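In case you want the letters, here they are:
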Amino acid sequence: MQKTIRLAAIATALAFGTAFAIATPKTITLPPDGAVLQPSSLPGYAKAQADCVVCHSAEYMFMQPPNAGRPYWDAMTKRMKAVFKAPFDEADIPAIVDYLSATYGNHKP
Ligand code: HEC
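Below you will find a few notes about this structure. (Residues numbered from 1 in each chain as written. Predicted model: local features only at pLDDT ≥ 70, side-chain atom pairs only at ≥ 80, totals over all residues. Heavy atoms only, no water.)

Turning next to the site of the ligand. Near the ligand, the surroundings consist of 16 residues, among which C52, C55, H56, R79 and M80 are the closest. H56 places a polar side-chain atom, nitrogen or oxygen, 2.8 Å from a nitrogen atom of the ligand. Between the ligand and R79 there is a distance of 2.2 Å, counted from an oxygen atom to a side-chain nitrogen or oxygen. At the level of elements, α3 (59–62) and α4 (70–84) are the ones that each hand at least two residues to the shell around the ligand. If one sorts the elements of the shell around the ligand by residue count, α4 sits on top with 5 residues. In terms of residue class, the shell around the ligand is built from 11 nonpolar, 3 polar and 2 charged. (Near = heavy atom within 4 Å. Polar contact = N/O pair within 3.5 Å; in protein donor to acceptor, adjacent residues only side chain to side chain. Helix = DSSP H or I, 4+ residues; strand = E, 2+ residues; numbered from the N terminus. Nonpolar A, V, L, I, M, F, W, Y, C, P; charged D, E, K, R; others polar.)

What follows is the structure in structure tokens.
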């Protein structure tokens, strides 16, 4: 008998819990995700994934001025190599800059 009452109490609690969950839907709007690089079909995307997010997240790309052109991203990429000794191949720079300026700047390839 006692067992039946306990089960009924649990069932009631579960029913209430479900009703509560249905009655209060939660909508969460997240800010644009800058933590990963924006996917692209440009060849520089894979290179940037290998070369540009080893030291910091892609948040840094996302925070740059959206009207920046190719020269800005070219200088930024070279600065990473010259100042912070980013270990990528010099030959990768044009493709990386194409991708970054098209994705995060105003350069339309
Ligand atoms: C060897 C480590 C390393 C690699 C690899 C690297 N960065 Fe950086 N990056 C840094 C450091 C250190 C900073 C400066 C952080 C700070 O000042 O708070 C930085 C800052 C930045 C910033 C913010 C603006 C600024 O001038 O501080 C951008 C944009 C950026 N990096 C882009 C890139 C791109 C694009 C690549 C790939 C080509 C890259 N990083 C690869 C170390 C690296």
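This is not the end of the story, as more comes after the structure.
This next bit is on the packing of α4 against helix α5 (residues 93–104). Packed helix pairs are characterised by how far apart their axes lie and by the angle those axes make with each other. Relative orientation of the contacting elements α4 and α5 amounts to 130°, with a least axis distance of 9 Å. As the angle between them shows, α4 and α5 are arranged oblique. Considering the relative orientation of α4 and α5, their crossing is right-handed. Touching R70, W73, D74, T77, K78 and K81 of α4 are I93, P94, I96, V97, D98, L100, S101 and Y104, all from α5. In terms of residue class, the contact of α4 with α5 is made up of 7 nonpolar, 2 polar and 5 charged. (Axes fitted to C-alpha atoms, helices over the stretch in contact; angles between N-to-C directions. Parallel < 35°, antiparallel > 145°, perpendicular 65-115°, else oblique. Left-handed = near helix turned anticlockwise from the far one by under 90°. Contact = heavy atoms within 4.5 Å.)

A separate point is the coordination of the iron atom of the ligand. Protein coordination of the iron atom of the ligand is provided by H56 (NE2) and M80 (SD), with donor distances spanning 2.0 to 2.2 Å. Coordination at the iron atom of the ligand is octahedral: its 6 donor atoms span angles of 87 to 179° at the metal. Linking H56 in the loop between α2 (44–51) and α3 with M80 in helix α4, this pair joins segments that are 24 residues apart in sequence. (Donors = N, O, S within 2.8 Å, 3.2 Å for Na, K, Ca; no water. Tetrahedral: all angles 85-135°; square planar, octahedral: opposite > 155°, others 65-115°.)

Evaluation of the coordinates by the stated rule reveals 4 aromatic pairs. Summarising the aromatic geometry, the rings of Y72 and W73 are spaced 5.6 Å apart at their centres and angled 80° between planes, so their arrangement reads as edge-to-face. With a relative accessible area of 30%, Y72 lands in the partly exposed category. Here the aromatic rings of Y99 and Y104 are separated by 6.3 Å at their centres, their planes lie at 85°, and the arrangement is edge-to-face. (Phe/Tyr/Trp six-rings, centres within 6.5 Å; stacked < 30°, edge-to-face > 60°. Buried < 20%, exposed > 50% of the residue type's maximum accessible area, 1.4 Å probe, protein only.)

At K85, a residue that is not glycine, the phi angle is positive and equals roughly 60°. By secondary structure assignment, the location of K85 is in the loop between α4 and α5. Note on K85: relative accessible area 62%, which makes it exposed.

Attention now moves to the pattern of salt bridges. Per the stated rule, a full pass over the model turns up 3 salt bridges. For D92, the salt bridge is made with K47, and the minimal N-O distance between the two is 3.5 Å. With D92 in the loop between α4 and α5 and K47 in helix α2, the pair connects residues that are 45 residues apart, well separated along the chain. Linking D74 and K78 is a salt bridge whose minimum nitrogen-to-oxygen distance equals 2.9 Å. With D74 and K78 both in helix α4, this residue pair falls 4 residues apart, about one helical turn. In this structure K78 comes out as partly exposed when scored by relative accessible area, which is 40%. (Salt bridge = Lys/Arg side-chain N within 4 Å of Asp/Glu carboxyl O.)

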